[in-house]
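# What the coordinates show
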Number of protein chains: 2
Amino acid sequence: MAENMSNKSLGEHEIIRLIQTRLTPMQGILVPFGDDVSAINLKGAQVAVLKTDMLVGKTDVPKGMSLFAAARKAVVMNVSDFAAKGALPVAVLVAIGLPMALATKEAVAEIAEGLNAGAREYGAYVVGGDTNEASDLIISITLFGTVQNILALRRGAMVGDILAVTGLFGRAAAGLRLLLGEGRALGRLRSVLVDAVCSPMARLREGLALRGDYVSASIDSSDGLAWSIHELAQQSGVGFLLDTLPIASEAMEFAVQNGVDPVELVFYGGEEYELVLTVKPAKWAEAQALIQAVGGCLIPIGKATCEKQIILDFAGQKRIIELRGWEHFKG
Amino acid sequence: MAENMSNKSLGEHEIIRLIQTRLTPMQGILVPFGDDVSAINLKGAQVAVLKTDMLVGKTDVPKGMSLFAAARKAVVMNVSDFAAKGALPVAVLVAIGLPMALATKEAVAEIAEGLNAGAREYGAYVVGGDTNEASDLIISITLFGTVQNILALRRGAMVGDILAVTGLFGRAAAGLRLLLGEGRALGRLRSVLVDAVCSPMARLREGLALRGDYVSASIDSSDGLAWSIHELAQQSGVGFLLDTLPIASEAMEFAVQNGVDPVELVFYGGEEYELVLTVKPAKWAEAQALIQAVGGCLIPIGKATCEKQIILDFAGQKRIIELRGWEHFKG
């Protein structure tokens, strides 16, 4: 990850690795450090699942996103990691950092309602928290739930497994450009794209539906589809050959109207909360049926290969999908 | 709480209450919102205990405190809440917000080592986390553990119960003044006082030792002794008559040398992590013996009364201990 090195500061993933080397590892842990969630063995064949992820105003809340939407999104982005491991969240804890200017009844009420909405949509409850004064809006969420088994780790993909996603990509990347004033879109197109950024959904139903023996590796796509596929590849020791570009029609429309590369929107946007899974070929039909039964969609986009590269072979063109994703400290 | 109102912004406790009114309550919850920890019923007569609390550089890390000390303290202040409920922490999650200037190997390593030290001192492990770019240093910690029973809630003190603390007060308040350049102290005295701010200890052994039927109400003293006693009083519907001033000798020395009111140092300092408990009189001797058996100290400082006031009757003087504590947004 050459992009992670700069003379100015470390990249986010490098910081996480650096932290990990200084920590005493817990023995017998079910999920390796750095996977989507943490998991702790409990009595009675139960596993506690935990996840913490922080939303920061400066980098995660574009202009045009309300406090309600920001607070809801802070919960949803954590639920997405639970979804990727097939875990139902039960309880939400929240630590809030508020700039003095936001310590008003209106702002606090909007944040609280966004947190509650995000939790209740997925069946969870906000059960506790902490509030502090800070220079920037900070919403740090922790989720807790229990499972009998983790759906799948990031490692586990085998050569020949089908790479699949739970939805089409590119809307959020286009919507973010619109909020940042880059590119144009009107009417329904604009509102669909901006909504994708401001009101994301986590694929919890899909993650829960796939519990069983269908999935060999799983991650969510919050850091960008390219990053997620590379992470599955690296953790599993495989590569991937992609034979389709999973682009949403609205994202394609935006790309055409604004002269933007559709591959860029699909692979390098981030802030999209689909699941990226590898499915055992013998279980494909059953897995797809299970997802459709809960109102979702399982889209095959390629296969795991021996070659340690991510290649997109689509519309008569072969492209290497590079490891590039949006990272904090690299903005 | 008249101090909580200002035309500028809301106070921390008021914000927490305002948030609570917007949340859908979880049914059958064991610990009310706003108590030291959250607790969720699990299968097999187990209870999951969760706590999140955030350290913010601007308000919680005085000049002179190292990154190691700040990170360790972020863990310890959460462990203190677990101690107040008799819960052993098992796993620590951390969400870090780093200003660009701190995204260096040295700074990150120091933070990671502080987190690990804080966790390992109390038997827990850091199992996961998240890193973000932020304007200020943010260390948001979540603890997880399981118990069979919560030691005690904040409510539960009965008239006649003995009010007790697990240590003497005032060192941290004096140490903070020294770090802020207010007041003078030299040599060993200075180092003891500054250490009390920079390297606090949580009373986990004490909280675990008292599990059983000894304690009727419990809280930690992180927001100041006065605030903690008022909170026990308000939640339990009692008052307290205090017959002693639990001041550490070094704090008294600082008070005398600097012409500071010792009562101010003891009751209104905050950032001290003692337990403040009410003990059933019939169980007092046994409770005190249990604490001494783990190397601790249980100091009686007064009794719960019918009168809904906190009165200090000490050295021939009666003083009302007002509700005043350091609050975010009120600095």
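Since we're looking at a predicted model, the values are computed, not measured.

### Some remarks on the overall build of chain A
The secondary structure content of chain A amounts to eleven helices and twelve strands. Against the globule reference of 20 Å for 331 residues, chain A gives a C-alpha radius of gyration of 19 Å, in line with a compact fold. Dimensions of chain A along its principal axes, counting C-alpha atoms only, are 55 × 55 × 50 Å. The contacts in chain A between residues at least 6 apart in sequence include a share of 82% that link residues at least 24 apart. Of the roughly 12,500 Å² of accessible surface on chain A, a fraction of 52% belongs to carbon and sulfur atoms. Of the side-chain charges in chain A, 30 are positive and 36 negative, and the distance between the mean point of each set is 2 Å.

### Examining the interface of chain A and chain B
On the chain B side, the residues contacting the 68 residues of chain A number 68 residues. At the boundary of chain A with chain B, total buried surface from both sides reaches about 6,400 Å², with 69% on carbon and sulfur atoms. The interface formed by chain A and chain B contains four salt bridges. Of the charged contacts in the structure, one is a salt bridge between Glu133(B) and Lys58(A), with a shortest N-O distance of 3.7 Å. Our enumeration of links across chain A and chain B arrives at twelve residue pairs in polar contact (both at pLDDT 80 or more). Contributing elements (two or more residues each) for the side of chain A that touches chain B: helix H1 (12-21), strand S1 (38-41), strand S2 (47-56), helix H2 (57-60), strand S3 (91-98), helix H4 (105-121), strand S4 (125-133) and strand S5 (138-147) of chain A. For the side of chain A that touches chain B, the element with the highest residue contribution is S4(A), accounting for nine residues.

### Details of the domain arrangement of chain A
All names here are of chain A. One can read the domain layout of chain A as domain 1 (31-147) and domain 2 (162-320). Counting from both sides, the interface comprises 22 residues of domain 1 and, opposite them, 19 residues of domain 2. Counting each side, the surface lost to burial between domain 1 and domain 2 is near 1,700 Å², with a carbon and sulfur contribution of 60%. The three residues of domain 1 that bury the most area against domain 2 are Lys73, Ser80 and Ala83, which together make up 25% of that side's buried surface. Summed over the shared surface of domain 1 and domain 2, the number is one salt bridge. For the salt bridge of glutamate 271 with lysine 73, the shortest nitrogen-to-oxygen distance reads 2.3 Å. Our count for the domain 1 to domain 2 interface comes out at seven residue pairs in polar contact (both at pLDDT 80 or more). The greatest single-element share of the side of domain 1 that touches domain 2, amounting to ten residues, is contributed by helix H3 (residues 67-84). Here the side of domain 1 that touches domain 2 is built from residues that sort into twelve nonpolar, three polar and seven charged.

### A closer look at the packing of aromatic side chains
All names here are of chain A. Scanning all chains against the criterion turns up three aromatic pairs over all chains. Plain terms: the ring middles of phenylalanine 267 and tyrosine 268 are 6.5 Å apart, the flat faces sit at 50 degrees to each other, and that makes the pair tilted. This pair shows no difference in class: phenylalanine 267 is buried, exactly as tyrosine 268 is. Directly above the ring of tyrosine 268 sits arginine 324, whose terminal nitrogen or CZ lies 3.9 Å from the centroid.

### As for the nonpolar core
Counting 112 residues, the largest nonpolar core has Leu115(B), Ile139(B), Ile229(B), Phe240(B) and Phe267(B) as the members making the most contacts within it. With twelve residues, helix H3 (residues 67-84) of chain B is the largest single contributor of residues to this core. Structurally, this core is a two-domain feature, drawing no fewer than three residues from each of domain 1 (2-147) and domain 2 (162-320) of chain B. In this structure Ile229(B) touches Leu163(B), Phe240(B), Leu242(B), Phe267(B), Val276(B), Ile301(B) and Ile310(B), once residues within four positions along its chain are discounted. Listed in part, the 110 residues of the second largest apolar core include Leu67(A), Ile96(A), Leu232(A) and Leu18(B).

### Some points on the pairing of strand S9 (residues 275-279) of chain A
Residues and elements named next belong to chain A. Burial runs high along S9: five of the five residues are buried. Every second residue of S9 is oriented toward a common face, with Leu275, Leu277 and Val279 on one face and Val276 and Thr278 on the other, all of them buried. With four bridges joining them, strand S6 (residues 162-165) and S9 adopt antiparallel strand pairing. Opposite isoleucine 162, over in S9, you have valine 279 as the bridge partner.

### Digging into the sheet that holds strand S4 (residues 125-133) of chain B
All names here are of chain B. Read across the open sheet, the five strands follow the order S1-S2-S5-S3-S4; overall the sheet is mixed. The open sheet has two edge strands with one neighbour each: strand S1 (38-41) and S4. Geometrically, the sheet is characterised by an average inter-axis angle of 15 degrees between neighbouring strands, direction not taken into account. Contacting strand S2 (47-56) and strand S5 (138-147), H3 runs over the sheet at an angle of about 145 degrees to S2. Here helix H4 (residues 105-121) sits on the sheet and contacts strand S3 (91-98), S4 and S5; the angle it forms with S3, its principal contact strand, is near 155 degrees.

### A short note on the side chain of Ser222(A)
All names here are of chain A. On the secondary structure map, serine 222 appears in the loop between strand S7 (215-220) and helix H8 (225-236). Within the local environment of serine 222, its side chain forms a polar contact with the side chain of aspartate 220, the two groups lying 3.0 Å apart. If we ignore the near neighbours within four places in the chain, the residues touching serine 222 are Gly270, Glu271, Glu272 and Tyr273.

### A look at helix H8 (residues 225-236) of chain B
Residue and element names in this part refer to chain B. For H8, which comprises twelve residues, the first-to-last C-alpha distance of 16 Å matches the rise-based estimate of 16 Å (1.5 Å per residue) to within 8%. In terms of burial, H8 is largely enclosed, as ten of its twelve residues are buried. Burial in H8 covers these residues: Leu225, Ala226, Trp227, Ser228, Ile229, His230, Glu231, Leu232, Ala233 and Ser236. Phi turns positive, to about 75 degrees, at glycine 237, one or two residues after H8.

### Comments concerning the relation of the copies chain A and chain B
When chain A is fitted to chain B, the best match, at an RMSD of 0.0 Å, comes from turning it 180 degrees and sliding it 0.0 Å along the axis. Look at the turn and shift together and you get a two-fold axis relating the two.

### Some remarks on the environment of Leu277(A)
Residue and element names in this part refer to chain A. Position of leucine 277 relative to the elements: it lies in strand S9. For the pair leucine 277 and arginine 17, spaced 260 residues apart in the sequence, the C-alpha separation amounts to 24 Å. Apart from residues no more than four positions distant in its own chain, leucine 277 is found in contact with Leu151, Ile162, Leu163, Ala164, Thr166, Leu210, Val215, Ala217, Ser218 and Leu298.

### Examining unusual backbone geometry
Residue and element names in this part refer to chain A. Positioned with a positive phi, alanine 45 is a non-glycine residue whose angle comes to about 55 degrees. Mapping alanine 45 onto the fold places it in the loop between S1 and S2. Despite not being glycine, glutamate 271 shows a phi value in the positive range, around 60 degrees. Within the secondary structure, glutamate 271 is located in the loop between helix H10 (262-267) and S9.

Calculation rules
- Residues numbered from 1 in each chain as written.
- Chains lettered and ligands numbered in written order.
- Predicted model: local features only at pLDDT ≥ 70, side-chain atom pairs only at ≥ 80, totals over all residues.
- Heavy atoms only, no water.
- Helix = DSSP H or I, 4+ residues; strand = E, 2+ residues; numbered from the N terminus.
- Rg over C-alpha atoms; globule rule 2.2 N^0.38 Å.
- Contact = heavy atoms within 4.5 Å.
- Areas by Shrake-Rupley, 256 points an atom, 1.4 Å probe, with all protein chains shown as cover.
- Lys, Arg positive; Asp, Glu negative; His and termini not counted.
- Charge placed at Lys NZ, Arg CZ, Asp CG, Glu CD.
- Buried area = accessible area lost by both parts, 1.4 Å probe.
- Salt bridge = Lys/Arg side-chain N within 4 Å of Asp/Glu carboxyl O.
- Polar contact = N/O pair within 3.5 Å; in protein donor to acceptor, adjacent residues only side chain to side chain.
- Domains from an automatic or database assignment.
- Nonpolar A, V, L, I, M, F, W, Y, C, P; charged D, E, K, R; others polar.
- Phe/Tyr/Trp six-rings, centres within 6.5 Å; stacked < 30°, edge-to-face > 60°.
- Buried < 20%, exposed > 50% of the residue type's maximum accessible area, 1.4 Å probe, protein only.
- Lys NZ or Arg CZ within 6 Å of the ring centre and 35° of its normal.
- Core = buried A, V, L, I, M, F, W, Y, C linked by side-chain atoms within 4.5 Å.
- Pairing = 2+ DSSP bridges.
- Axes fitted to C-alpha atoms, helices over the stretch in contact; angles between N-to-C directions.
- Expected span 1.5 Å × (residues − 1).
- Least-squares fit on C-alpha atoms with pLDDT ≥ 70 in both.

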